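Given next are the chains, with one letter for each unit.
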Amino acid sequence: MVRFQQKRTVFVETYGCQMNEYDTELVRAILTKADYAFTQDEAQADIIMLNTCAIREHAHRKVYGRVHKILHDRAGVPVKIGILGCMATNLRTELFEDRGLKIDFIAGPDSYKRLPQLISESYGEGKPFDLTLSEFETYSDVYPKREGGVNAWIAVMRGCNNFCTFCVVPYTRGRERSRSVGNIVEEAQRLAADGFKQITLLGQNVNSYRHEEHDFADLMAAVARVKGIERIRFTSPHPKDFPDKFLEVMAAHDNICKQIHLPLQAGSDRILELMNRTYTQEEFLRLVDNIRAKVPGIALSTDVIVGFCTETDEEFDQTLKVMREVEFDSAFMFKYSQRKGTIASRKMEDDVPEAIKTERIVALNELQRDIMEKLNARHVGQTMSVMIEKKGTRKSDDNFLGRADNNKLVTISDGDFQAGDIIPVMITGASPHQLRGVPVY
Ligand code: SAH
Ligand code: SF4
Ligand code: F3S
């Protein structure tokens, strides 16, 4: 009698940025093809994989805590644990040496096609791993297995060549490489046919995209012409790559959302130089003016690090000054956290005391909250075009949650919609983090 072997089941959990989310979708596609099944129920899984992040201490500790919890919950019941993503290439085989962790296999961001092999080897004697970083792998031949929703990620380039001194990404993800325009446009067409209304182009350094003679402006223009894709976003760009040509493409296409994430990191020229950000405060401010002149109505968000090595109070004041001057629509703020392998960890001292980092981040948060309160209040009375993302909010199951073209969250308290509908909404109320409104019929 023929016995059918049951498929091995996999549970995967994702940490970190959108690129990691996208990579998990690639992993799902690769393992599904290799005849693995996915489960949402961790307790049922034969294999548990964590797609990890190494950007800050916090991300790091979270994963350690998670592995210990898995081992505790599964006491006695066999399970294979795999570490994928940026902690894999940051800590490498040190992960095996930590006996308390009991990791069975490790795969870095460029090795996911080898996962079927690594997993099956983990059922043998050894502890398989592949941490090779590639100059070519873009997974352009894998169509990610997405979970649905209105937005689909497309990684258009991978890796980073910038070497900001605080950052692990160039080491965990390797050198920059881009997919071809044709290949990306094909994926966008397929996504439109599959019902996705929005795509977000991803890269660690997305506007450094270059494939043969095509730059990021050419790519955006080509994607904007794909029928059925109503909204296009991109993240994360670097301030060094914003030619006018790109801003003109943004302004010319209605379906390119008028929103840019423009990481500032710090306001002081000395700190910016220590960070190797390649721009000064003045150049950054000039870029903001140019973006606002060429793309009217643009919303800007940013990332800021407080307490980078040797940052003084006066230098931090420069960060506050830029934040006050630019008035970002939103901001992600982080305390500097020294990361293994980075230039800062090798050449500089993490000498700003934790208490000062906390003081600075609190001050920055207060300022940013006031700015967002003021900017959001200006939307009251306006009609904005909102794409519905889901039904039900914390306040009421009957509310809908959507996003304006400028990426602001809008709660809608009336009507009946499907995810993906784009509707005009009259804004009736605002708080620092959200807008509220009613549909206009
Ligand atoms: N490629 C993106 C950044 C990815 S990391 C870009 O260049 O915009 C996201 C943010 O994390 C960074 O913008 C930075 O603000 C923050 N970050 C990176 N390394 C950090 C570190 N060592 N400590 C604190 N924050 C850090
Ligand atoms: Fe890190 Fe800088 Fe590259 Fe962004 S641009 S991923 S912050 S090295
Ligand atoms: Fe984290 Fe790697 Fe993304 S370090 S932020 S998962 S690129």
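Below is a summary of the structure that appears in this document.

Criteria and cut-off values
- Residues numbered from 1 in each chain as written.
- Chains lettered and ligands numbered in written order.
- Predicted model: local features only at pLDDT ≥ 70, side-chain atom pairs only at ≥ 80, totals over all residues.
- Heavy atoms only, no water.
- Buried < 20%, exposed > 50% of the residue type's maximum accessible area, 1.4 Å probe, protein only.
- Helix = DSSP H or I, 4+ residues; strand = E, 2+ residues; numbered from the N terminus.
- Pairing = 2+ DSSP bridges.
- Contact = heavy atoms within 4.5 Å.
- Salt bridge = Lys/Arg side-chain N within 4 Å of Asp/Glu carboxyl O.
- Axes fitted to C-alpha atoms, helices over the stretch in contact; angles between N-to-C directions.
- Parallel < 35°, antiparallel > 145°, perpendicular 65-115°, else oblique.
- Left-handed = near helix turned anticlockwise from the far one by under 90°.
- Nonpolar A, V, L, I, M, F, W, Y, C, P; charged D, E, K, R; others polar.
- Polar contact = N/O pair within 3.5 Å; in protein donor to acceptor, adjacent residues only side chain to side chain.
- Near = heavy atom within 4 Å.
- Domains from an automatic or database assignment.
- Areas by Shrake-Rupley, 256 points an atom, 1.4 Å probe, with all protein chains shown as cover.

### Details of the pairing of strand β7 (residues 151–155)
Counted residue by residue, β7 has five buried out of five residues, so it is predominantly covered. Taking every second residue as pointing to the same face, both faces of β7 are buried, with Asn151, Trp153 and Ala155 on one and Ala152 and Ile154 on the other. Relative to strand β10 (residues 198–202), β7 is paired through five bridges, and the arrangement is parallel. Residue pairing for β10: Ala152 is matched across the bridge by Ile199.

### Some words on the side chain of Thr172
Tracing the backbone through its elements, the reader meets Thr172 in helix α6 (residues 169–173). For Thr172, a relative accessible area of 0% gives the class buried. If near-sequence neighbours (up to four positions away) are discounted, Thr172 is found in contact with Cys86, Thr89, Asn90, Pro109 and Leu133.

### Things to note about the pattern of salt bridges
A pair can form between side chains of opposite charge whenever their charged atoms are brought close. Applying the stated criterion to the full structure yields 32 salt bridges. Among the salt bridges present, the one from Arg66 reaches Glu42, with a minimum N-O distance of 2.8 Å. A residue pair is termed long-range when its members are at least 10 positions apart, and Arg66 in helix α2 (residues 57–73) and Glu42 in the loop between β2 (37–38) and β3 (47–52) qualify at 24 residues. For the pair Arg66 and Glu42, one class covers both residues: buried. Taking the shortest distance from any N to any O, the salt bridge between Glu311 and Arg360 comes out at 2.9 Å. With a gap of 49 residues between them, Glu311 in the loop between β15 (299–306) and α12 (313–326) and Arg360 in helix α14 (residues 354–377) connect regions that are remote in the sequence. Here Glu311 matches Arg360 in class, with each residue buried. Shared partners join several salt bridges into a network, and the residues in it are Asp23, Asp110, Arg158, Arg173 and Arg177.

### Notes on the packing of α12 against α14
Put simply, α12 and α14 touch, their axes get as near as 10 Å, and they point 15° apart. Between α12 and α14, the crossing angle belongs to the class labelled roughly parallel. Crossing handedness for the pair α12 and α14: right-handed. Contacts between α12 and α14 involve Asp313, Phe316, Thr319, Leu320, Met323 and Arg324 from the former and Ile356, Arg360, Ala363, Leu364, Leu367, Gln368 and Ile371 from the latter. Within the contact of α12 with α14, the residues separate by chemical class into eight nonpolar, two polar and three charged.

### As for the sheet that holds strand β16 (residues 330–335)
Taken in spatial order, the three strands of this open sheet run β14-β15-β16, and their pairing is parallel. Each having just a single partner strand, β14 (259–261) and β16 make up the two edges of the open sheet. Between one strand axis and the next, the sheet turns by 10° as a mean value, whatever way the strands run. Sheet analysis places β15 next to β16, joined by six bridges and oriented parallel. Among the inter-strand pairings, Ile305 is bridged to a residue of β16, identified as Phe334. Along the sheet, α14 contacts β15 and β16; its crossing angle with β16, the most-contacted strand, is approximately 175°.

### What about the side chain of Thr342?
With respect to the helices and strands, the residue Thr342 is situated in the loop between β16 and α13 (343–347). By relative accessible area, which is 0% here, Thr342 ends up buried. Polar side-chain contacts of Thr342 include one of 2.8 Å to the backbone oxygen of Arg339. When residues no more than four places from it in sequence are discounted, the contact partners of Thr342 are Thr165, Phe166, Cys167, Val168 and Tyr171.

### Some remarks on the site of ligand 3
Near ligand 3 you find Cys17, Asn20, Thr52, Cys53, Ala54, Ile55, Cys86, Val169, Arg173 and Gln204, and these make up its full shell. There are two domains that each give the shell around ligand 3 at least three residues, and those are domain 1 (9–130) and domain 2 (151–377).

### Looking at the site of ligand 1
Near ligand 1 there are 14 residues, and of these Arg56, Gln204, Gln265, Asp303 and Ser337 occur at the shortest range. For ligand 1, a nitrogen atom lies 3.0 Å from a polar atom in the backbone of Phe166. One nitrogen or oxygen atom from the main chain of Gln204 is found 2.5 Å from a nitrogen atom belonging to ligand 1. Out of a free accessible area of 540 Å², ligand 1 has 88% covered by protein chains. Contributions of two or more residues to the shell around ligand 1 are made by β15 and β16. Among the residues forming the shell around ligand 1, the class breakdown is six nonpolar, four polar and four charged.

Geometric descriptors of this kind do not, in isolation, establish any biological role.
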